[in-house]
Amino acid sequence: MKLQRNGRSKALAIGAVALVSSLSLAACGSDNNTNGGGGSAAPSGGTSAAAIKCADKQAPMLAAGSTAQGTAIDVWKTAFGAACSGSTLNYSGGGSGAGVQQFNQGKVTFAGSDSALKQADIDASKAVCTGGQGIDLPMVGGLVSIIFNVDGVDKLTLDAPTIAKIFDSQITKWNDPAIAALNPGVTLPAADIQAFHRSDDSGTTQNLTAYLAKASGGAWAYPASKTWAGKGGQSAAQSAGVSGQVKSVKNSIGYAELSYAQQNSLKSAAIATGASKPVEATAANAATTIATAKSAGASNPNDLALSLDYATKTEGAYPIVLVTYEIVCDKGNKPETLDTLKSFLNYTISDGGQAAIGDKGYVPLPKEVSDKVKTVIPTLA
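Thresholds, definitions, all that
Residues numbered from 1 in each chain as written. Predicted model: local features only at pLDDT ≥ 70, side-chain atom pairs only at ≥ 80, totals over all residues. Heavy atoms only, no water. Axes fitted to C-alpha atoms, helices over the stretch in contact; angles between N-to-C directions. Helix = DSSP H or I, 4+ residues; strand = E, 2+ residues; numbered from the N terminus. Parallel < 35°, antiparallel > 145°, perpendicular 65-115°, else oblique. Left-handed = near helix turned anticlockwise from the far one by under 90°. Contact = heavy atoms within 4.5 Å. Nonpolar A, V, L, I, M, F, W, Y, C, P; charged D, E, K, R; others polar. 1 Å grid on protein atoms, 1.4 Å probe; cavity = no way out; pocket = protein on both sides within 12 Å on 5 of 7 lines; lining within 4 Å. Points joined across faces, edges and corners; volume = space filled by probe spheres on them. Salt bridge = Lys/Arg side-chain N within 4 Å of Asp/Glu carboxyl O. Buried < 20%, exposed > 50% of the residue type's maximum accessible area, 1.4 Å probe, protein only. Phe/Tyr/Trp six-rings, centres within 6.5 Å; stacked < 30°, edge-to-face > 60°. Pairing = 2+ DSSP bridges. Core = buried A, V, L, I, M, F, W, Y, C linked by side-chain atoms within 4.5 Å. Disulfide = S-S within 2.5 Å.

**So, the packing of helix 5 (residues 160-167) against helix 7 (residues 203-215)**
Then, in step 1: The N-to-C vectors of helix 5 and helix 7 enclose an angle of 120 degrees; their axes lie 9 Å apart at closest approach. One way to sum up the angle between helix 5 and helix 7 is to call them oblique. Judged by the sense of rotation from one axis to the other, the crossing of helix 5 with helix 7 is left-handed. Contacts from Ala160, Pro161, Ile163 and Ala164 of helix 5 reach helix 7 at Tyr211, Leu212 and Ala215.
Then, in step 2: The residue makeup of the contact of helix 5 with helix 7, split by class, is seven nonpolar, no polar and no charged.

**With respect to empty space enclosed by the protein**
Then, in step 1: The final tally for this structure, using the stated rule, is one cavity of 30 Å³ or more.
Then, in step 2: Taken as a whole, the largest cavity spans an internal volume of roughly 40 Å³.
Then, in step 3: Broken down by secondary-structure element, the contributors of at least two residues to the lining of the largest cavity are strand 6 (134-149) and strand 15 (321-329).
Then, in step 4: For the lining of the largest cavity, the leading source of residues is strand 6, giving four residues.
Then, in step 5: Residue composition of the lining of the largest cavity, by class: five nonpolar, five polar and one charged.

**Considerations on the pattern of salt bridges**
Then, in step 1: Within the structure shown, the criterion is met by six salt bridges.
Then, in step 2: In this structure, Asp371 and Lys367 form a salt bridge, with 2.6 Å as the shortest nitrogen-oxygen distance. Here Asp371 pairs with Lys367, and both are found in helix 13 (residues 367-376), just four residues apart, close to one helical turn.
Then, in step 3: Under the relative-accessibility criterion, Asp371 is labelled partly exposed at 29%.

**Topic: the packing of helix 2 (residues 70-83) against helix 11 (residues 335-348)**
Then, in step 1: In contact at an axis separation of 11 Å, helix 2 and helix 11 are set at 120 degrees when each is read in the N-to-C sense. Two packed elements cross with a definite hand, and for helix 2 against helix 11 that hand is right-handed. Between helix 2 and helix 11, the residues in contact are Ile73, Trp76, Lys77, Ala79 and Phe80 and Thr340, Ser343, Phe344, Tyr347 and Thr348, respectively.
Then, in step 2: Looking at the contact of helix 2 with helix 11 residue by residue, the class counts come to six nonpolar, three polar and one charged.

**Here's the deal with the packing of aromatic side chains**
Then, in step 1: Counted by the stated rule, this structure contains seven aromatic pairs.
Then, in step 2: An angle of 80 degrees between the planes, with centres 5.9 Å apart, marks the rings of Phe167 and Tyr255 as edge-to-face. Of this pair, Phe167 sits in helix 5 while Tyr255 sits in strand 10 (residues 252-257), and the two are 88 residues apart along the sequence.
Then, in step 3: Classification of Phe167 as buried rests on a relative accessible area of 3%.

**Overview of the pairing of strand 10**
Then, in step 1: In terms of residue burial, strand 10 counts as a mostly covered element, since six of its six residues are buried.
Then, in step 2: Here strand 6 runs beside strand 10; their pairing, made up of six bridges, is antiparallel. Paired with Phe148 across the strands is Ile253, a residue of strand 10.

**Some thoughts on the nonpolar core**
Then, in step 1: Formed by 106 residues in total, the largest nonpolar core has its most connected members in Trp76, Ile146 and Ile253.
Then, in step 2: Among the elements that take part in this core, strand 6 stands out by supplying nine residues, more than any other.
Then, in step 3: In this structure, Trp76 is in contact with Met139, Val140, Phe344, Tyr347, Thr348, Gly353, Gln354 and Ile357, ignoring residues within four places of it in sequence.

**Examining unusual backbone geometry**
Then, in step 1: Residues other than glycine seldom take positive phi values, yet Gln238 does so here, at roughly 65 degrees.
Then, in step 2: For Gln238, the position within the fold is in helix 8 (residues 238-248).
Then, in step 3: Phi at Ser265 takes a positive value of approximately 55 degrees, unusual for a residue other than glycine.
Then, in step 4: Within the element layout of this structure, Ser265 appears in the loop between helix 9 (258-263) and strand 11 (267-268).
Then, in step 5: Residue Ser265 is classed as exposed on the basis of its relative accessible area of 65%.

**Quick notes on the environment of Val108**
Then, in step 1: Mapping Val108 onto the fold places it in the loop between helix 3 (96-104) and strand 5 (110-113).
Then, in step 2: The spacing of Val108 and Val328 is 220 residues in sequence and 9.6 Å in space, taken between C-alpha atoms.
Then, in step 3: With residues up to four places along the chain from it excluded, the contact list for Val108 reads Leu62, Ala63, Ala64, Gly99, Gln102 and Phe103.

**Concerning the layout of surface pockets**
Then, in step 1: Taken as a whole, the largest pocket spans an internal volume of roughly 510 Å³.
Then, in step 2: At the level of elements, helix 4 (119-125), helix 7, strand 14 (306-307) and strand 15 are the ones that each hand at least two residues to the lining of the largest pocket.
Then, in step 3: Top element by residues in the lining of the largest pocket is helix 7. It accounts for four residues.
Then, in step 4: Grouping the amino acids of the lining of the largest pocket by side-chain chemistry returns 13 nonpolar, nine polar and seven charged.

**Thoughts on the state of the cysteines**
Then, in step 1: Applying the stated criterion to the full structure yields two disulfides.
Then, in step 2: Two residues, Cys54 and Cys84, share a disulfide whose sulfurs are 2.0 Å apart. Taking the torsion about the S-S bond as the criterion, the Cys54 to Cys84 disulfide, at about -85 degrees, is left-handed. Residue Cys54 is located in strand 2 (residues 52-54), and its partner Cys84 is located in the loop between helix 2 and strand 4 (89-94); the two are separated by 30 residues in the primary sequence. Accessibility classification places Cys54 together with Cys84 in one group, the buried group.
Then, in step 3: Taken N- to C-terminal, the disulfide-bonded cysteines of the protein chain are connected 1-2, 3-4.

What follows is the structure in structure tokens.
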């Protein structure tokens, strides 16, 4: 079942970007009231124009997983905690793999993952989701930026085969003919390439390698995976670690979410996709790709995992995108935190919640995706 009808992707992408601007401006007029019990309250600090409906039964929550959504979670939990004084969220990163593992061990209320649950994960979740199973709720849209720090180079264009060969140690010099051919007129140094990848199991790695496996024409010889498989290079923990290494090491390259590139003032490569011109790593261009996402065809209708077109050649569509899912039980959530969980998720998927993270390097989800999430949250039990 398609989440997007043909011919409407451009309009949705434009609408997603417009949503960031319009609601972020509206957010400046938010009230500063708080509400410790049930009912609605405007978040403190003007982070969102949307009213937050606090749970009648508030409780602290623990969550873990994706570092890609770390900044988004910080924005949301600050607004949510200010509006609902009895509701707090303690979110630890550690990567998508660690988050799903902790969820299936019953240690957290929800997990963040940049890749949808595998069948083995779903099967394992049934031990903690009594009478139900873990499901994927899309919540954070973003992109994987190919970050670089190359001496004397301000702009860089790469394509999937070249990226694959760089991260698999098949291309080892910045002035390699394959890179030079993509960057006419750019003076590339005759320097060794220092490539950095994630040391932890990561949904960001999963999305990058899914792109390479799909679009590199066989240059990437490995399947998409949370675990890094390329040869050579150096590893660093989490997106913050990779970004930090690229920032500090000259002539280096790595990958991280756009929010980390922005926070560290790192340059991002444009991607040659086969469109008329290379596509820049921007939220607007990522929105164009996310707007065409289809249902991944999960057997559970409440599981909203998406299938992304990493091989897109659509004009202005950035191909290395990701969607972070909040992993929850469809049934069998812990009773003491269920009301707060639903309240928090209702806020994060709201127009105001999505707009609040729009200026942090994230992509507000298209309406046809967010509307489906809004219908599932009330059914959680």
